[in-house]
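Each chain is listed here by its residues.
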Amino acid sequence: MTAIRVLVVDDSVVVRRLVTDALSADPAIEVVGTAPNGKVALSRVEEHGPDLVTMDIEMPVMDGIETVRALRKAGHRMPIIMFSTLTERGAATTLDALAAGASDYVTKPSNTGSLAASMDEVSRQLIPRIKALVAPRARVAPIPTQVSRTAGRVTLRAESPAASVRALLIGSSTGGPEALSQVFSGFSRPLPVPILMVQHMPPVFTAQLAARLDRLGPTKVVEAKGGERPQPGHAYIAPGNFHMVLQRTVGFAIELNQDPPVSYTRPSVDVLFRSAVAAYGGALLALVLTGMGADGRTGCQDLVAAGGTVYVQDEATSVVWGMPGAVAQAGLAHRVLPIAEVAGAVSRRLVASVAGGGAWR
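Residues numbered from 1 in each chain as written. Predicted model: local features only at pLDDT ≥ 70, side-chain atom pairs only at ≥ 80, totals over all residues. Heavy atoms only, no water.

**Quick notes on the overall build of the protein chain**
Per the secondary structure count, the protein chain includes 11 helices and 16 strands. Whereas a compact globule of 361 residues would reach a radius of gyration of roughly 21 Å, the protein chain reaches 21 Å, a difference of no more than 12%. Overall, the protein chain is about 60 × 45 × 35 Å in size when its C-alpha atoms are taken along their principal axes. Within the protein chain, the proportion of its 361 residues that are buried is 54%. A separation threshold of at least 6 residues defines the contact pool for the protein chain, and within that pool the share at least 24 residues apart is 71%. As displayed, the protein chain offers around 14800 Å² of accessible surface, 52% of which is attributable to carbon and sulfur atoms. Averaging the locations of the 34 positively and 30 negatively charged side chains of the protein chain gives two centres separated by 7 Å. (Helix = DSSP H or I, 4+ residues; strand = E, 2+ residues; numbered from the N terminus. Rg over C-alpha atoms; globule rule 2.2 N^0.38 Å. Buried < 20%, exposed > 50% of the residue type's maximum accessible area, 1.4 Å probe, protein only. Contact = heavy atoms within 4.5 Å. Areas by Shrake-Rupley, 256 points an atom, 1.4 Å probe, with all protein chains shown as cover. Lys, Arg positive; Asp, Glu negative; His and termini not counted. Charge placed at Lys NZ, Arg CZ, Asp CG, Glu CD.)

Below, the structure is given as structure tokens:
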């Protein structure tokens, strides 16, 4: 098996060594070179042809965002993982890097107490992402989105467009910020239902993401604080490190908790989806977008069993077809859509629901 070839770019000698040692400990990964800034990185990419690049954001001469733009402009399509700090500024610049064409990000180790602990943290964050982003994809044949049909390993479910929808649920992870940006910028008017969503991100990052999505279209997007009553035309994103659930009291209310991780994550898509089914029954439309792992599959099982509808992003436009692929391959998807078609499909589905006598008429 050929090792994954990685270029490490960081202005800190200590960080370059730390990342190199952490990655080199895995036999499936080979560090083919390092660079102290973006300008040098551009020449090293041409020299080594890496399968993936890890990139610091703040560097002299040419910073990480400029370098990402230059690589993409030159036609390089290899995945790029940014190194970020867990601060408001770090979150903002990381989202800028993702918008420029970076594939994913990790946060730099902090307060780990030792070099060994820092290496463990780098390994835990980086290695699974590298393998997910570079692993060969098992391509699925194009799938019609209007009818139920088996294509490759995917079976589409029959959809009832006029069925009632009381909320839109969204789950995403790796590649999710840019996928969400395309979805929210594609809405031409506020939706007639509330939107509840989980994006796998640490604290601080989710607030920055909500603020960016809020500027893209007619939907009011906020990071949930707990206690909100979901309103049509509003979107609520789970804050980093908190599960978000719906509680049925007098009406419905958002609650946050720090119960144990589910599907290895907190917040978890499964937790949100299951709580929404308990609150709304099957009157739900769910979107599962690009991301590593299988978070959301179990929640979609409950949702489909209750009579809800599930759309997933297709493999060709996903950064990683883990989460949407897990749902589709389990036979739980009603549609498999390119990201550019998601906003239109959701809008039409909700219009049909309202016209057919569904919720929020």
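**Structural notes on the sheet that holds strand β2 (residues 29-35)**
Reading across the sheet, the 5 strands line up as β2-β1-β3-β4-β5 and stay open at both edges, with parallel pairing between neighbours. Each of the sheet's edge strands pairs with one partner strand only, and the pair in question is β2 and β5 (104-107). Averaged over all pairs of adjacent strands, the angle between strand axes in this sheet comes to 25°, irrespective of strand direction. Across 4 bridges, strand β3 (residues 52-56) lies against strand β4 (residues 80-84) in parallel orientation. (Pairing = 2+ DSSP bridges. Axes fitted to C-alpha atoms, helices over the stretch in contact; angles between N-to-C directions.)

**Observations concerning the side chain of serine 173**
Within the element layout of this structure, serine 173 appears in the loop between β8 (167-172) and α6 (176-185). Given a relative accessible area of 11%, serine 173 falls into the buried group. Here serine 173 is in contact with Gln199, His200, Thr290, Gly291, Met292 and Met323, once residues within four sequence places are set aside.

**Some thoughts on the pattern of salt bridges**
One pass over the full model with this rule turns up 14 salt bridges. A salt bridge links aspartate 21 to arginine 17; its shortest N-O distance comes to 3.2 Å. With aspartate 21 and arginine 17 both in helix α1 (residues 13-24) and 4 residues apart, the pair spans about one turn of that helix. Aspartate 21 sits in the partly exposed class, given a relative accessible area of 28%. Between arginine 129 and aspartate 104 there is a salt bridge whose closest N-O contact spans 3.0 Å. (Salt bridge = Lys/Arg side-chain N within 4 Å of Asp/Glu carboxyl O.)

**Let's talk about unusual backbone geometry**
The linkage connecting arginine 266 with the following residue, proline 267, adopts the cis geometry, with an omega of 10°. Structurally, proline 267 can be placed in the loop between β13 (251-257) and α8 (269-280). Of note in this structure, valine 204 is not a glycine but carries a positive phi near 80°. Looking at the secondary structure, you find valine 204 in the loop between β9 (195-199) and α7 (205-214). With phi around 75°, asparagine 241 is a residue other than glycine that occupies positive phi space. Locating asparagine 241 in the fold gives a position in the loop between β11 (234-237) and β12 (243-249). Residue classification places asparagine 241 among the partly exposed positions, given a relative accessible area of 29%.

**Considering the packing of aromatic side chains**
Under the defined criterion, the tally for this structure stands at 3 aromatic pairs. Ring geometry for tyrosine 105 versus phenylalanine 205: centroids 5.1 Å apart, planes at 5°, classification stacked. Placement of tyrosine 105 in strand β5 and of phenylalanine 205 in helix α7 is noted, with a sequence separation of 100 residues between them. Owing to a relative accessible area of 0%, phenylalanine 205 belongs among the buried residues under this scheme. Measuring from ring centre to ring centre gives 5.8 Å for phenylalanine 184 and phenylalanine 187, while their planes differ by 75°; the resulting arrangement is edge-to-face. Classification of phenylalanine 184 by relative accessible area gives buried; the value is 1%. (Phe/Tyr/Trp six-rings, centres within 6.5 Å; stacked < 30°, edge-to-face > 60°.)

**Looking at the nonpolar core**
Most often, soluble globular proteins keep nonpolar side chains buried together rather than apart. In this structure, Met82, Leu168, Ile170, Phe184, Met197 and Val346 are the most contacted members of the largest nonpolar core, which totals 53 residues. Here this core gets 6 residues from one element, more than from any other, and that element is helix α11 (residues 339-355). Non-local contacts of methionine 197, meaning those with residues more than four positions away in its chain, are made with Ile170, Leu180, Phe184, Leu213, Val221, Ala235, Tyr236, Ile237, Ala238, Met244 and Leu272. In this structure, Leu156, Tyr236, Leu284 and Val310 belong to the second largest nonpolar core, which totals 35 residues. (Core = buried A, V, L, I, M, F, W, Y, C linked by side-chain atoms within 4.5 Å.)

**Observations concerning the sheet that holds β8**
One open sheet accounts for 7 strands, arranged β10-β11-β9-β8-β14-β15-β16; its pairing is parallel. The open sheet has two edge strands with one neighbour each: β10 (220-223) and β16 (335-337). The mean inter-strand angle of the sheet, taken between neighbouring strand axes irrespective of direction, is 20°. For strand β15 (residues 309-313) and β16, the ladder comprises 3 bridges, and the chain directions are parallel.

None of this, on its own, says anything about what the molecule does.
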